[in-house]
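These are the residues of each chain, in order.
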Amino acid sequence: MSTLTTPPAAPGAGVSLLSRSLPRWAPAATLAGSAAVVAAVLVAVGAFGLAQWTVLSVLLFAVTITAASASVEGGRRAKDRLVTTLVYVCFGLAMIPLVSVLWTTVQNGVLRLDPYFLQTSMRNVLARDDAGGAYHAIMGTLIVTGWATVISVPVGLMTAIYLVEYGRGRLAQAITFFVDVMTGIPSIVAGLFIAALWLQLFGAGNFMGFAGSCALSVLMIPVVVRSSEEMLKLVPNELREASYALGVPKWRTIVKVVLPTSIAGVTTGVMIAIARIIGETAPLLVTAGFTDSINFNAFDSRMITLPVYVYRQISQGGQIPFERAWAAALTLIVIVMALNLLARLVSRIFAPRTGR
Amino acid sequence: MAKRIDVSGLNVYYGAFRAVEDVSMTIEPRSVTAFIGPSGCGKSTYLRALNRMHEVIPGTRVEGKVLLDDQDIYAANVDPVAVRGQIGMVFQRPNPFPTMSIYDNVIAGVRLNGRRMPKAELDALVERALRGANLWNEVKDRLNRPGAGLSGGQQQRLCIARAIAVRPDVLLMDEPCSALDPISTLAIEDLIAELKTEYTIVIVTHNMQQAARVSETTAFFNLSAPGKGGMLVEMGDTNKIFTNPDKKDTENYITGRFG
Ligand SMILES: Nc1ncnc2c1ncn2[C@@H]1O[C@H](COP(=O)(O)OP(=O)(O)O)[C@@H](O)[C@H]1O
Ligand SMILES: [Mg+2]
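Computed from a predicted structure; not experimentally measured.

Q: Explain the environment of Ala273(A) residue by residue, including any values.
A: Residues and elements named next belong to chain A. Along the chain, alanine 273 falls in helix α10 (residues 250-278). Owing to a relative accessible area of 0%, alanine 273 belongs among the buried residues under this scheme. Measuring from C-alpha to C-alpha, the distance between alanine 273 and serine 227 comes to 8.8 Å, with 46 residues separating the pair along the chain.

Q: If you had to explain the UniProt feature "transmembrane region" (unreviewed entry) in chain A to someone new, which residues and values would you point to?
A: All names here are of chain A. According to UniProt, the "transmembrane region" (unreviewed entry) feature falls on residues 25-44, 50-70, 82-103, 134-163, 175-201, 207-225, 257-278 and 325-346. Secondary structure content for residues 50-70 is 100% helix and 0% strand, while the C-alpha to C-alpha distance between its ends is 30 Å. Here residues 207-225 is 89% helix and 0% strand, with 28 Å between the C-alpha atoms at its ends.

Q: Tell me about the environment of Ser178(B), and please be specific about residues and values.
A: Residue and element names in this part refer to chain B. If you trace the backbone, serine 178 turns up in the loop between β7 (170-174) and α8 (182-195). Since its relative accessible area comes to 44%, serine 178 is described here as partly exposed. Separated by 15 residues in the primary sequence, serine 178 and alanine 163 place their C-alpha atoms 18 Å from one another. Only 3.3 Å separates the side chain of serine 178 from the side chain of glutamine 92, close enough to count as a polar contact. Polar contacts involving the side chain of serine 178 include one to the main-chain carbonyl oxygen of glutamate 175, which spans 3.3 Å.

Q: Describe the UniProt feature "domain: ABC transporter" (unreviewed entry) in chain B, and please don't skip the residues or the numbers.
A: In the UniProt entry, the feature "domain: ABC transporter" (unreviewed entry) is given for residues 5-254 of chain B. When the span residues 5-254 of chain B is considered, its composition is 36% helix and 26% strand, and the gap between its end C-alpha atoms is 26 Å.

Q: Please provide a residue-by-residue account of the site of ligand 1, values included.
A: Residue and element names in this part refer to chain B. The environment of ligand 1 is formed by Tyr14, Phe17, Ala19, Ser39, Gly40, Cys41, Gly42, Lys43, Ser44, Thr45 and Ile57. Here glycine 40 contributes a backbone N or O atom positioned 2.7 Å from an oxygen atom of ligand 1. At a separation of 3.1 Å, an oxygen atom of ligand 1 approaches a polar backbone atom of glycine 42. Protein coverage of the free-state accessible area of ligand 1, which is 560 Å², stands at 61%. Looking at the shell around ligand 1, the elements with two or more residues in it are β2 (17-27) and α1 (43-49). Sort the elements by how many residues they give to the shell around ligand 1 and α1 lands first, with three residues.

What counts, and where the lines are drawn
- Residues numbered from 1 in each chain as written.
- Chains lettered and ligands numbered in written order.
- Predicted model: local features only at pLDDT ≥ 70, side-chain atom pairs only at ≥ 80, totals over all residues.
- Heavy atoms only, no water.
- Helix = DSSP H or I, 4+ residues; strand = E, 2+ residues; numbered from the N terminus.
- Buried < 20%, exposed > 50% of the residue type's maximum accessible area, 1.4 Å probe, protein only.
- UniProt positions renumbered as here; feature names shortened; annotations may be inferred.
- Polar contact = N/O pair within 3.5 Å; in protein donor to acceptor, adjacent residues only side chain to side chain.
- Near = heavy atom within 4 Å.
- Areas by Shrake-Rupley, 256 points an atom, 1.4 Å probe, with all protein chains shown as cover.

Set out below in structure tokens:
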């Protein structure tokens, strides 16, 4: 046996691992202190306002905590404090529009959002009448979006399956390229495309809900393809091989192993795609048109959806149309949120179980 | 059940790269044949060529003949899906289907193929396969729990149960124990010893003791040259290969001088 060599001294051996640090309450105290100081100064110079108070407090806080940290804890921790502050500030900035939009919508929307509004159409209602609702637009939204989903999900999902499971070489590359291009098509162009197609097929003035659905499909299909493709790629190859090794043909492997394993992600992707198109206005204006009446038939005459309804009301001017517009906007947000919850439920139910 | 495999002049290519060079061998029924050799010498590739599993990787190509008893599995109108139904495979990492319960995993071969069977028959099949894989006693009370919730060793035995539930003639195992602890490894080795009474078993292993313990015949693969594909160096009775091999390379590998 050779003698054991003594291990080389670790760098900085003998130096304590402990280092000085600010107490845990330091950030909170500094923030409170900064806010108080800024408030006092602003009041003293007679320029107090919520905006300047917030901005200056945060600035003072960032400077103080960084300086304090630099003197007590050293450079690395000081940078950490500064960047942490920065990240929180950015998060706050990002939240402002979100909260503001929600707040404004709820505030203005609840004025008119009641069972009457949800159950009445605008038929025989004058714009300024204290009456009328969005029932026809809610139904139109559900029908037009529903048909768009019925078209887009099979097409998009099968395209994704082709790309992941079968696609090789030129054709697959071309499809990927065109899907990318489609993702970037302005929605009004999709609308005009379908409008032109309808003009060719049925002649002028033939608005119908289904035309709107087709226009929305042009926008929805690439989103479905992209998200499903990512989800199918996440399915481990080992599962496909396990299935092949049992003598299972490829198509059954896809239908019974690959799709069930990825169903949660695919569902989420579809829901995101629906959320993306349910708020479209422009392509529907030129394809489905608008109407004040209830129409359940997507294949005959005009059909209105909530975004178009909002646009119509706002463009009429006046307090009551304004309130109707916000109420419809709130309804739309609620529908999207309900769909999202539904999607979560679906993926929860289908998600692979580990049992651990 | 339990068929002989006769391989002659088998070459396997990944694109232009010849990963397996001109291998010929006979694999006896109702016995265990072990493949040993350094990493990257084409054992997995060769094994997968025995049930046409390599075909799922694009760009692969095979030359040569593989006879299952008297049928050439590479003959013109042979369906690879049918071949895989007769020659099952167990993989290195346990891969139970995550969406299925233990019960459904075992009958996956039936279900995925869309075959219908009365419930009683399915129950019997599940019990038989799980008993065959020495797993029945551990899971009989939780057949409806997810297969992915078992330990690694149990998962691997579940995969073996799944493979034998379709009643193949041959079972190919690619390093089935390399992801498992010693206790689970012993359980699988015991299982292999029982299964060989009914099946033709081929096992790839990096563990010499394991090859010596479980197999009747051992085949030693090696790279034909650095950067080239693998070839069969020597094949014979396990005792002979481990005590008195004909080739110097085999002896060096077995005594741990390289690889
Ligand atoms: N999918 C693949 N595509 C291209 N080359 C591969 C692929 N799989 C394996 N190879 C190559 O084939 C050779 C043999 O690999 P493999 O059969 O996995 O060896 P082993 O199982 O003996 O470790 C290696 O050189 C490896 O790089
Ligand atoms: Mg291998």
